[in-house]
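The chain contents come next:
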Amino acid sequence: MNTFFGKTPLGEDAYLYTICCGQLQANLTDFGATLVNLFVPDAAGNMADVVLGFDSPAAYAASDTYFGATVGRNANRIRNAAFIINNKTYRLYANEGENNLHSGPDGYERRLWKVIRQQEDRITFSLHSPHGDQGFPGNADITVSYILEQDSLHIVYDAVSDRDTVFNLTNHSYFNLAGHDHPEKAMEQILSMPARFFTPADSQSIPTGQCQPVEGTPFDFRLPKPIGRDIGQDHPSLLLQAGYDHNFEVFCNPCAYLTDPGSGRCMSVSTDCPGIQLYAANYTDTVGKGGVPYPKRSGICLETQFFPDAVHHPEWKQPIVKAGEKYHSVTTYRFSW
Ligand code: BGC
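### Digging into the pairing of strand β14 (residues 152-161)
Counted residue by residue, β14 has eight buried out of 10 residues, so it is predominantly covered. Count of turn residues in the strand β13 (residues 140-148)/β14 antiparallel hairpin: three residues.

What follows is the structure in structure tokens.
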């Protein structure tokens, strides 16, 4: 079932596409190849929509929250909004101070993607991103597929470019397993992550290059704890980023587990990416689907990606893909209830 979702800022028609499998249902829009709703049951069969979102393309376009969106070509930050490939400097928009965040103001989250395949339980969006788009080299063809299984949502990214380029795509969903309409419960969600270290960042949220052990810090999620338990601690990294907004190593898979203690809904995250950004919606303050207020900290992002600013850290795994080489990445959110 596909329904009209609204006009994009460019006057194009955007649609909402529904996919289902078992008890899971997802609604996606071609505007930004965005996950708008994700319905998950609890043990008693009560459904909740567990992601934050908006009711129209216009509302998505007016916001800088990236709710549920496909972020690219490069997720997260690039210092000084520039990088070098093959001795050539490529300049991006400086849209966060002197740096680049999520590729710039005209990111993939604001494009109308094409639907190239749809079945009951899956959908594939495609986007052509020309050479020089946002400042990145290479004509690129990109697809993002959302595939539901009985208990899982797989997000599959494929891309190819005719020049060496950066590919580092992520999904920017904000999860609240109590339901998006219970923002007061978001920080009570229990998180665990096996990561042994995270990458501290400076006052502009650019990684310092350090890999800091989580042990003895509020960044230690190796044992499950409510996200809100230590977020207010007087730790330099929490003060600089106003809460959790940090990249953790993906030490093993699943690399994160989230539980809503009230409903018993659980979610695990598995990925082939080297990093996962934990962002606790520190800067969110908006009104979302159905007029629900989403104040600060009303959801949790677990964005799978390369380490932020990896292009300036040769010691970290590089998001550089050679001309003609295939970029392929899969992240799976698995639910239990
Ligand atoms: C970043 C945050 C940013 C948010 C919304 C996250 O991926 O880490 O710093 O505020 O996206 O733009």
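### Re the site of the ligand
Looking at the ligand, the residues that line it are Asp-64, Tyr-66, Arg-77, Leu-101, His-102, His-172, Tyr-174, Asp-245, Gln-277, Tyr-279, Tyr-283 and Glu-303. At 3.3 Å, a side-chain N or O of Gln-277 approaches an oxygen atom of the ligand. In this structure, Glu-303 approaches the ligand through a side-chain N or O atom, which is 2.9 Å from an oxygen atom. Notes on the ligand: free accessible area 310 Å², of which the protein chains cover 94%.

### Brief notes about the sheet that holds strand β28 (residues 300-305)
Judged by pairing direction, the sheet is antiparallel, and its six strands sit side by side in the order β17-β28-β25-β22-β19-β20 without closing on themselves. Edge positions in the open sheet fall to β17 (174-175) and β20 (212-213), since each of these has one partner strand only. The pairing of strand β22 (residues 245-249) with strand β25 (residues 275-279) spans five bridges and is classified as antiparallel. Residue pairing across strands places His-246 opposite Leu-278, the latter belonging to β25.

### Quick word on the packing of aromatic side chains
Scanning the entire structure with this criterion turns up 23 aromatic pairs. Summarising the aromatic geometry, the rings of Phe-5 and Tyr-60 are spaced 6.3 Å apart at their centres and angled 50 degrees between planes, so their arrangement reads as tilted. Of this pair, Phe-5 sits in strand β1 (residues 2-7) while Tyr-60 is found in helix α1 (residues 57-61), placing the two residues 55 residues apart along the sequence. Of the two residues, Phe-5 and Tyr-60, both sit in the buried class. Members of the aromatic cluster, connected to one another through ring pairs, are Phe-5, Phe-54, Tyr-60, Phe-67, Tyr-174, Tyr-279, Tyr-283 and Tyr-294. Above the plane of the ring of Tyr-90 lies Lys-88, whose end atom (NZ or CZ) is 5.2 Å from the centre. Here the guanidinium or amino end of Lys-225 rests over the ring plane of Phe-221, the centre of that ring lying 4.5 Å away.

Reading the values: the criteria
- The residue numbering used here restarts from 1 in each chain and proceeds along that chain's sequence as written.
- Note on the predicted model: pLDDT of at least 70 is required for a residue's local features to be given, and 80 or more for side-chain atom pairs to be given and counted; whole-chain, interface and lining totals, by contrast, use all residues.
- Water and hydrogen atoms play no part in the side-chain values, which are based on all heavy atoms of the structure.
- Relative accessibility thresholds used throughout: buried, under 20% of the residue-type maximum; exposed, over 50%; partly exposed, between the two (1.4 Å probe, protein chains only).
- Numbering of helices and strands runs from the N terminus; a helix is a DSSP stretch of H or I covering at least four residues, while a strand is a stretch of E covering at least two.
- Criterion used throughout: strands pair if DSSP finds at least two bridges between them.
- For each residue, the test is whether any non-hydrogen atom lies within 4 Å of the molecule or strand; if one does, the residue is near.
- Distance and chemistry together define a polar contact, namely a pair of N or O atoms within 3.5 Å, with one atom able to donate a hydrogen and the other to accept it when in protein, and with adjacent residues in sequence counting only for side-chain atoms on both sides.
- Here the accessible surface of atoms and residues is derived via Shrake-Rupley with a 1.4 Å probe, and residues count as covered only by protein chains that are part of the display.
- For this analysis, a ring pair means two rings from Phe, Tyr or Trp (six-membered ring only for Trp) whose centres lie within 6.5 Å, classed as stacked if their planes differ by under 30 degrees, edge-to-face if by over 60, and tilted for the remaining angles.
- Our definition puts a charge over a ring when NZ of Lys or CZ of Arg is within 6 Å of the ring centre and also within 35 degrees of the ring normal.

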